[in-house]
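Chain residues, written in single-letter form:
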Amino acid sequence: MHSIYARINNFSAFLSSCILTLLGAIALSSFLFTANPQGDLSVLSVKVYPGNSRRQPGLSQEYTFVNFNISADLTPLFHWNTKQLFLYLQAEYTDAKGVRNDVVIWDRIVRRKEEAVINVVGRNKYVFRDISHSFKNVPPANYSLQYNLMPHVGVLTYGEAGRTTEPVPFPPAQDFVSR
Ligand SMILES: *[C@@H]1O[C@H](CO)[C@@H](O)[C@H](O)[C@H]1NC(C)=O
Ligand SMILES: *[C@@H]1O[C@H](CO)[C@@H](O)[C@H](O)[C@H]1NC(C)=O
């Protein structure tokens with residue numbers, strides 16, 4: 001009785017170490033995939049409009065609207081250990097006080113390889129404003145397409161799949177009427 005129990009115990013220890021080794025191998029093998037697909041990202045237009053802050057009535061707040069064009073084939077990132085991809089467009093700028101900011105203005109979750117060819121002409125999905133309430137004297141921004149790859153097994157990996165070639169200036173704020 002005791003020996004059967006010990007054998008089962010040994011066997012299950014053996015089995016779990018096999019599984020751990022296998023999972024480890026899967027996780028490690030993901031590092032062998034060095035796919036680094038590069039797409040095109042261009043900013044079609046940037047407009048800044050003054051508005052009123054909803055949180056602090058009476059305070060004027062500038063909002064930036066970015067029209068962009070993303071074309072990227074991210075299918076090489078889909079391999080057997082890819083669960084999903086979190087894709088986001090980031091505005092990178094240094095504010096008037098010299099503080100560096102990375103602001104996510106658009107994102108998408110890609111769950112299937114069939115959806116990994118990205119062609120989006122669109123506008124920021126999230127509000128883009130600066131903590132100082134203004135984009136006056138803010139130097140030009142770069143925009144980049146970033147991704148997080150979530151694997152079935154192993155750690156999250158990060159990458160960049162596109163970037164604007166030239167910094168894009170913030171125009172002076174314009175009134176809605178002069179649009
Ligand atoms: C978006 O970019 C793609 C590839 O660079 C280009 O073929 C397409 O014409 C662009 N669309 C717009 C609306 O600029
Ligand atoms: C934007 O990119 C240019 C060229 O790579 C770089 O010199 C500049 O510092 C970048 N600006 C910001 C705000 O990251």
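Taking an unreviewed UniProt entry as the reference, the chain is identified by name as Signal peptidase subunit 3 belonging to Jaapia argillacea MUCL 33604. What UniProt states about the chain under its Subcellular location (unreviewed entry) heading is, verbatim, "Endoplasmic reticulum membrane". UniProt lists a comment for the chain under the heading Sequence similarities (unreviewed entry), and it reads "Belongs to the SPCS3 family."

Participant: Help me understand the overall build of the chain, please; the structure alone is not making it clear to me.
Facilitator: Secondary structure assignment for the chain yields 1 helix and 7 strands. Listed N to C, the secondary structure of the chain is α-β-β-β-β-β-β-β in terms of helices and strands. Relative to the globule expectation of 16 Å for 179 residues, the C-alpha radius of gyration of the chain, 24 Å, shows a markedly less compact shape. Dimensions of the chain, computed from C-alpha atoms along their principal axes, come out at roughly 85 × 35 × 25 Å. A total of 179 residues make up the chain; the buried ones form 39% of that total. Counting only contacts in the chain whose residues sit at least 6 apart along the sequence, the fraction spanning at least 24 positions is 67%. Accessible surface computed for the chain: about 11,300 Å², of which carbon and sulfur atoms make up 57%. For the chain, the separation between the mean place of its 17 positive charges and that of its 13 negative charges on side chains is 8 Å.

Participant: Got a minute to help me understand the layout of surface pockets in this structure?
Facilitator: Over the atoms a probe the size of a water molecule is rolled, and this reveals where empty space is left. The space that makes up the largest pocket amounts to roughly 300 Å³. Lining the largest pocket are Asn52, Ser53, Arg54, Arg55, Gln56, Gln61, Tyr63, Val127, Arg129, Asp130, Ile131 and His133. Looking at side-chain class alone, the lining of the largest pocket contains 3 nonpolar, 5 polar and 4 charged residues.

What counts as what
Residues numbered from 1 in each chain as written. Chains lettered and ligands numbered in written order. Predicted model: local features only at pLDDT ≥ 70, side-chain atom pairs only at ≥ 80, totals over all residues. Heavy atoms only, no water. UniProt positions renumbered as here; feature names shortened; annotations may be inferred. Helix = DSSP H or I, 4+ residues; strand = E, 2+ residues; numbered from the N terminus. Rg over C-alpha atoms; globule rule 2.2 N^0.38 Å. Buried < 20%, exposed > 50% of the residue type's maximum accessible area, 1.4 Å probe, protein only. Contact = heavy atoms within 4.5 Å. Areas by Shrake-Rupley, 256 points an atom, 1.4 Å probe, with all protein chains shown as cover. Lys, Arg positive; Asp, Glu negative; His and termini not counted. Charge placed at Lys NZ, Arg CZ, Asp CG, Glu CD. 1 Å grid on protein atoms, 1.4 Å probe; cavity = no way out; pocket = protein on both sides within 12 Å on 5 of 7 lines; lining within 4 Å. Points joined across faces, edges and corners; volume = space filled by probe spheres on them. Nonpolar A, V, L, I, M, F, W, Y, C, P; charged D, E, K, R; others polar.

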